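Here's the letter readout for the chains.
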Amino acid sequence: MLEMRLIREQPDLVRERLNTRDPGLGKQVDAILELDSIRRQLETQLQRIHAERNKLSKEIGQLRAKKETSIELETKVRELGDDLAVLNERVIAADEAQRSLMLSIPNLPHARAVKGSDASANPVIRVWGEKPEFDFTPRDHVSLGNELGLFDFERAAKISGSGFIAYTGMGARLQRGLIQFLLDLHTAEHGYFEISPPYLVRRYSMVGTGALPKFEQDAYGLDDGEAFLIPTAEVPLTNFHREEALSYRDLPKYYVAQTPCFRREAGSAGKETRGLIRVHQFDKVELVKITEPHQSYLELDKMTADAERVLQLLGLHYRVIELCTGDLGFSMAKTYDIEVWAPGQGSYLEVSSCSNAEDFQARRINLKFKDAEGKNRYPHTLNGSGTALPRLIVALLESGQQKDGSIKIPEPLQNYMKAAELRK
RNA sequence: GGUGAGGUGGCUGAGCGGUCGAAAGCGGCGCUUUGCUAAAGCGUUGUACCCCAAAAGGGUACCCAGGGUUCGAAUCCCUGCCUCACCGCCA
């Protein structure tokens, strides 16, 4: 949620920045200003009547204490009470109208974010390693994995429909080993605190991170929309301290969690849907930070580096791109995507997205911290994948493949896998 | 799922339907005393919103949440949520 005061005091700035996301979005500023002024007028009226009623009620109490009559006052107060009820409903309605519009307005892109309307404008920030060379035509993970018995798409589809995967045998062990490797790396070497959170969350937690209200069609809902399967561990982790006031001494917080993620992927049928690349349920190791505002961008760089480290240790070629204003997620002010090279696809796959939401989510979840002066302020929240499992597996299989269809396992994984390669 | 108890400010814990945003203690902050520490004394100490250009100041709301009774609710009634205890069921 944006700060109302900012919209009120610098509407042009807000309008302009929203327009960099999507020309036309800036119009929302005028709508919100209108609702805000209506709400405030009503609230002022309501409060005047309240003040009057409180005063008269107090007088009634005093009259009664002196055993004097107070009938006239009582009648008057009763009338005020009726006005109050009517006005109160209008205030509540105005408040809700404003709030719901506020919740549907995305975050402002960072002031220096690259401007652009879609992914084609995303600049490449850096590249690590090189595309591996093969003296044969590299195969894709589906054919490699099927041959090695690493997963079973047909049976998974039989159970749950298309878009679900069952890892089998060494494939299952590969995922488990990777999860272990990732959690060990981030906890032991990068300083994150491990949490195993609920996978089912309340609606307000989804609203809190910005997954709702806009993207309800992407989530799996239960109980008539009161609960949702998490689309990412960002939701439970970021909400972990909701409604709390932390101390600046507790910041920054570094959290890591491995969870499944559930996504309907509505509207993406047919698009990069082959194999493991886009599925309805996948595992992910997620990083979340809560920081003081002045260090959040430094922390974003560190978090991105932590995610990149995964690929470096596994020897996977990747590039980091910055999302332009038009491609930014709803809650985010700045995002770096890490894309790993998948030789069998002949393309880069997004395996991590590291973002700074600034105070946008903190406002929504009412998360504050007391600074050194004892003042309550909103911290910044960050999140990044570290990393998504299926696409990491795609890259590992396709990059590690050998002519005979076996797969070399990168050195750091070998202990977890109890094997140096995958073969029939 | 059943029964019982309970949810008050950073914490502990009072609170007769009217002057209670809420006693007291602890903690925090400030000042005084002090060679330093400790201790003591005094003062201060919630959040959100509204009015005001801003500051000063004023006002409204908030004692788990939502309804209700009443001229008036922390206080009475109902519902829900949560916590604790015991029972049942269950991985």
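Residues numbered from 1 in each chain as written. Chains lettered and ligands numbered in written order. Predicted model: local features only at pLDDT ≥ 70, side-chain atom pairs only at ≥ 80, totals over all residues. Heavy atoms only, no water.

A word on the overall build of chain A
Thought 1: Across its full length, chain A holds 13 helices and 16 strands.
Thought 2: On the principal axes, the C-alpha backbone points of chain A span a range of 100 × 45 × 45 Å.
Thought 3: Long-range contacts, defined as pairs at least 24 residues apart, comprise 73% of the intrachain contacts of chain A with a sequence gap of at least 6.
Thought 4: Across chain A, the centroid of the 57 positively charged side chains sits 2 Å from that of the 62 negatively charged ones. (Helix = DSSP H or I, 4+ residues; strand = E, 2+ residues; numbered from the N terminus. Contact = heavy atoms within 4.5 Å. Lys, Arg positive; Asp, Glu negative; His and termini not counted. Charge placed at Lys NZ, Arg CZ, Asp CG, Glu CD.)

Some words on the packing of helix α2 (residues 11-21) against helix α3 (residues 27-65)
Thought 1: Axis separation between α2 and α3 bottoms out at 8 Å; the angle between their running directions is 140°. With respect to α3, the axis of α2 lies oblique. Contacts between α2 and α3 pair Pro11, Val14, Arg15 and Leu18 from the former with Val29, Asp30 and Leu33 from the latter. (Axes fitted to C-alpha atoms, helices over the stretch in contact; angles between N-to-C directions. Parallel < 35°, antiparallel > 145°, perpendicular 65-115°, else oblique.)

Remarks on the sheet that holds strand β12 (residues 368-370)
Thought 1: Spatial strand order, β6-β12-β13: three strands in an open sheet with mixed pairing. Every other strand in the sheet has two partners, leaving β6 (245-247) and β13 (376-377) as the edge strands with one partner each.
Thought 2: Bridging between β12 and β13 involves two bridges; their strand directions are antiparallel. What sits directly across from Phe369, in β13, is Arg377. (Pairing = 2+ DSSP bridges.)

What to know about the protein's contact with RNA strand B
Thought 1: By nearness alone, 18 residues border RNA strand B, and Glu43, Thr44, Gln47, Arg64 and Val77 come closest of all.
Thought 2: Taking all atoms of RNA strand B within 4 Å of the protein, the share assigned to sugar and phosphate is 67%.
Thought 3: Contacts to RNA strand B include Thr44, whose side-chain N or O atom sits 2.6 Å from a sugar or linking oxygen.
Thought 4: Among the secondary structure elements, those contributing two or more residues to the surface near RNA strand B are α3 and α4 (71-104).
Thought 5: For the surface near RNA strand B, the element with the most residues is α3, which contributes twelve residues.
Thought 6: Looking at side-chain class alone, the surface near RNA strand B contains three nonpolar, seven polar and eight charged residues. (Near = heavy atom within 4 Å. Polar contact = N/O pair within 3.5 Å; in protein donor to acceptor, adjacent residues only side chain to side chain. Nonpolar A, V, L, I, M, F, W, Y, C, P; charged D, E, K, R; others polar.)

Quick look at the domain arrangement of chain A
Thought 1: One can read the domain layout of chain A as domain 1 (4-104) and domain 2 (119-422).
Thought 2: Measuring from the centre of the C-alpha atoms in domain 1 to the corresponding centre in domain 2 gives 43 Å.
Thought 3: Contact residues are listed per partner, giving five residues for domain 1 and ten residues for domain 2.
Thought 4: Of all residues in domain 1, Arg21, Leu103 and Ser104 give up the largest surface area on contact with domain 2, accounting jointly for 77% of the area buried on that side.
Thought 5: The interface formed by domain 1 and domain 2 holds zero salt bridges in total. (Domains from an automatic or database assignment. Buried area = accessible area lost by both parts, 1.4 Å probe. Salt bridge = Lys/Arg side-chain N within 4 Å of Asp/Glu carboxyl O.)

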